[in-house]
Amino acid sequence: MLAFEGLLVILLLALLAVGALGLWAVLRQPAGSLALQALEQGRFADALAAARTGAGAGRDDLYAAAVAAKHLLELDRARALLERLLARDPGDGEAWLESGLVAAYAGDVAAAEQAFARAELLRSDLLESLTLHRAWLALRRGDTEAARRLFSEVEAPLENKLRSDLGSGEPLFAEWFLQAAALWQAAGDPARAAWARREGQASAPESRLAEGVGTDAAGRPPVQ
């Protein structure tokens, strides 16, 4: 009997030890990227500062730093980070989309179109976002007819999302608001344009994208 009780105690102690090791392993797991957390909160300067972008940097830190740099219009820095991501993984559809946006803000329309095409091939779930970006890119190069056609493909569902699902306070959707604002302004709808611009700026006060969204590749106001 004593032998049985002794074995039972040993078994219980072993189980407790295993449980303690499991808890220790969970607690030792690294937290999510601080840079990514800051990016999601719209703290773009903090995201850049927190990102570990040295040799061996993780995908989350490189991506967060690139998107933060884009929002701060540090376009060369954003481009270099995205090039590193794509050199590591040419199948990263999100990185291609961001590469296209950075190229567009820099005025390189051809590079933007090529990057958007790569993103579409890799990520069909990004089609709505890509169509909005392509409509805005067409507006930047002065092709208002193409801009209207493309925007009409996503305008209704996009506006529904912006008004009901997202609203202000979602920093990473500020770009959608601002590009939609430029497209509505060009289409002669100043009321919706003003609303979208206001929501976009409220969503991400630190972002400087509003400075670049409303001009074409030559830095001129959109052709109307």
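Placed above this text is the structure.
All of the points below concern the structure found in this document. (Residues numbered from 1 in each chain as written. Predicted model: local features only at pLDDT ≥ 70, side-chain atom pairs only at ≥ 80, totals over all residues. Heavy atoms only, no water.)

1. A few points about the overall build of the chain
Per the secondary structure count, the chain includes 12 helices and 0 strands. For the chain, the N- to C-terminal ordering of α and β elements is α-α-α-α-α-α-α-α-α-α-α-α. Among the 224 residues that make up the chain, the fraction classed as buried is 43%. Look at the contacts in the chain between residues 6 or more apart in sequence, and 61% of them connect residues 24 or more apart. (Helix = DSSP H or I, 4+ residues; strand = E, 2+ residues; numbered from the N terminus. Buried < 20%, exposed > 50% of the residue type's maximum accessible area, 1.4 Å probe, protein only. Contact = heavy atoms within 4.5 Å.)

2. Considerations on the packing of helix α10 (residues 174–186) against helix α11 (residues 190–203)
Where α10 contacts α11, the axes come no closer than 8 Å and their chain directions differ by 160°. Between α10 and α11, the crossing angle belongs to the class labelled roughly antiparallel. Between α10 and α11 lies a crossing whose hand is left-handed. Of the residues in α11, those in contact with Ala174, Phe177, Leu178, Ala181, Trp184 and Gln185 of α10 are Pro190, Arg192, Ala193, Trp195, Ala196, Arg197, Glu199, Gly200, Gln201 and Ser203. Among the residues making up the contact of α10 with α11, the classes are represented as 9 nonpolar, 4 polar and 3 charged. (Axes fitted to C-alpha atoms, helices over the stretch in contact; angles between N-to-C directions. Parallel < 35°, antiparallel > 145°, perpendicular 65-115°, else oblique. Left-handed = near helix turned anticlockwise from the far one by under 90°. Nonpolar A, V, L, I, M, F, W, Y, C, P; charged D, E, K, R; others polar.)

3. A closer look at α11
Taking 1.5 Å of rise per residue, the 14 residues of α11 would be expected to cover 20 Å, and the 20 Å separating its terminal C-alpha atoms lies within 8% of that figure. Taken residue by residue, α11 has Ala193, Trp195, Ala196, Glu199, Gly200 and Ser203 as its buried positions. Looking straight down α11, one finds that the buried residues subtend no more than 165° of arc, so they occupy a single side. (Expected span 1.5 Å × (residues − 1). Arc of directions from axis to C-beta.)

4. Brief notes about the packing of aromatic side chains
A complete count under the given rule lists 5 aromatic pairs for this structure. With a centroid separation of 5.0 Å and 50° between ring planes, the pair formed by Tyr105 and Trp136 is classed as tilted. Of this pair, Tyr105 sits in helix α6 (residues 93–105) while Trp136 sits in helix α8 (residues 127–140), placing them 31 residues apart in sequence. The residue whose ring lies beneath Arg59 is Tyr63, and the NZ or CZ to ring-centre distance is 4.4 Å. (Phe/Tyr/Trp six-rings, centres within 6.5 Å; stacked < 30°, edge-to-face > 60°. Lys NZ or Arg CZ within 6 Å of the ring centre and 35° of its normal.)

5. As for the pattern of salt bridges
Counting across every chain of the model gives 18 salt bridges. For the salt bridge of Arg141 with Asp143, the shortest nitrogen-to-oxygen distance reads 4.0 Å. Two residues, Arg192 and Asp189, come together in a salt bridge whose shortest N-O distance is 2.5 Å. (Salt bridge = Lys/Arg side-chain N within 4 Å of Asp/Glu carboxyl O.)

6. What to know about α8
Here α8 contains 14 residues, and its C-alpha end-to-end distance of 20 Å stays within 8% of the 20 Å for a straight helix at 1.5 Å per residue. With 12 of 14 residues buried, α8 is to be regarded as a mostly interior element. Taken together, the buried positions of α8 are occupied by Glu128, Ser129, Leu130, Thr131, Leu132, His133, Ala135, Trp136, Leu137, Ala138, Leu139 and Arg140. Gly142 occupies a position one or two residues after α8 and carries a positive phi of about 90°.

7. A few points about the nonpolar core
Among the nonpolar cores identified, the biggest contains 68 residues, and Leu39, Trp136, Phe151 and Leu183 are the most heavily contacted of them. Counting residues per element, this core draws most heavily on α10, at 10 residues. Residues contacting Leu183, with those up to four places away along its chain left out, are Leu132, Ala135, Trp136, Leu139, Ala147 and Phe151. (Core = buried A, V, L, I, M, F, W, Y, C linked by side-chain atoms within 4.5 Å.)

8. A look at the packing of helix α4 (residues 59–71) against α6
Helix packing for two helices is described by the angle between their axes and how far apart those axes are. Direction vectors running N to C along α4 and α6 enclose 25°, while the axes themselves pass 10 Å from each other. With respect to α6, the element α4 is oriented roughly parallel. Of the two elements, α4 crosses α6, and the hand of that crossing is left-handed. Each of Arg59, Tyr63, Val67 and Lys70 in α4 lies in contact with α6, whose residues at this interface are Glu94, Ala95, Glu98, Leu101, Val102 and Tyr105. Tallied by class, residues from the contact of α4 with α6 come to 6 nonpolar, no polar and 4 charged.

9. A look at the layout of surface pockets
One water molecule sets the probe size; rolling that probe over the atoms shows where empty space is left. Of the voids in this model, the largest pocket is the one considered here, and its volume is about 460 Å³. Along its surface, the largest pocket is lined by 20 residues, and Tyr63, Glu94, Leu97, Glu98 and Leu172 are the ones closest to its centre. When contributions to the lining of the largest pocket are tallied by element, the ones reaching two or more residues are α2 (34–40), α4, α6, α8 and α10. Here the lining of the largest pocket is built from residues that sort into 10 nonpolar, 3 polar and 7 charged. (1 Å grid on protein atoms, 1.4 Å probe; cavity = no way out; pocket = protein on both sides within 12 Å on 5 of 7 lines; lining within 4 Å. Points joined across faces, edges and corners; volume = space filled by probe spheres on them.)

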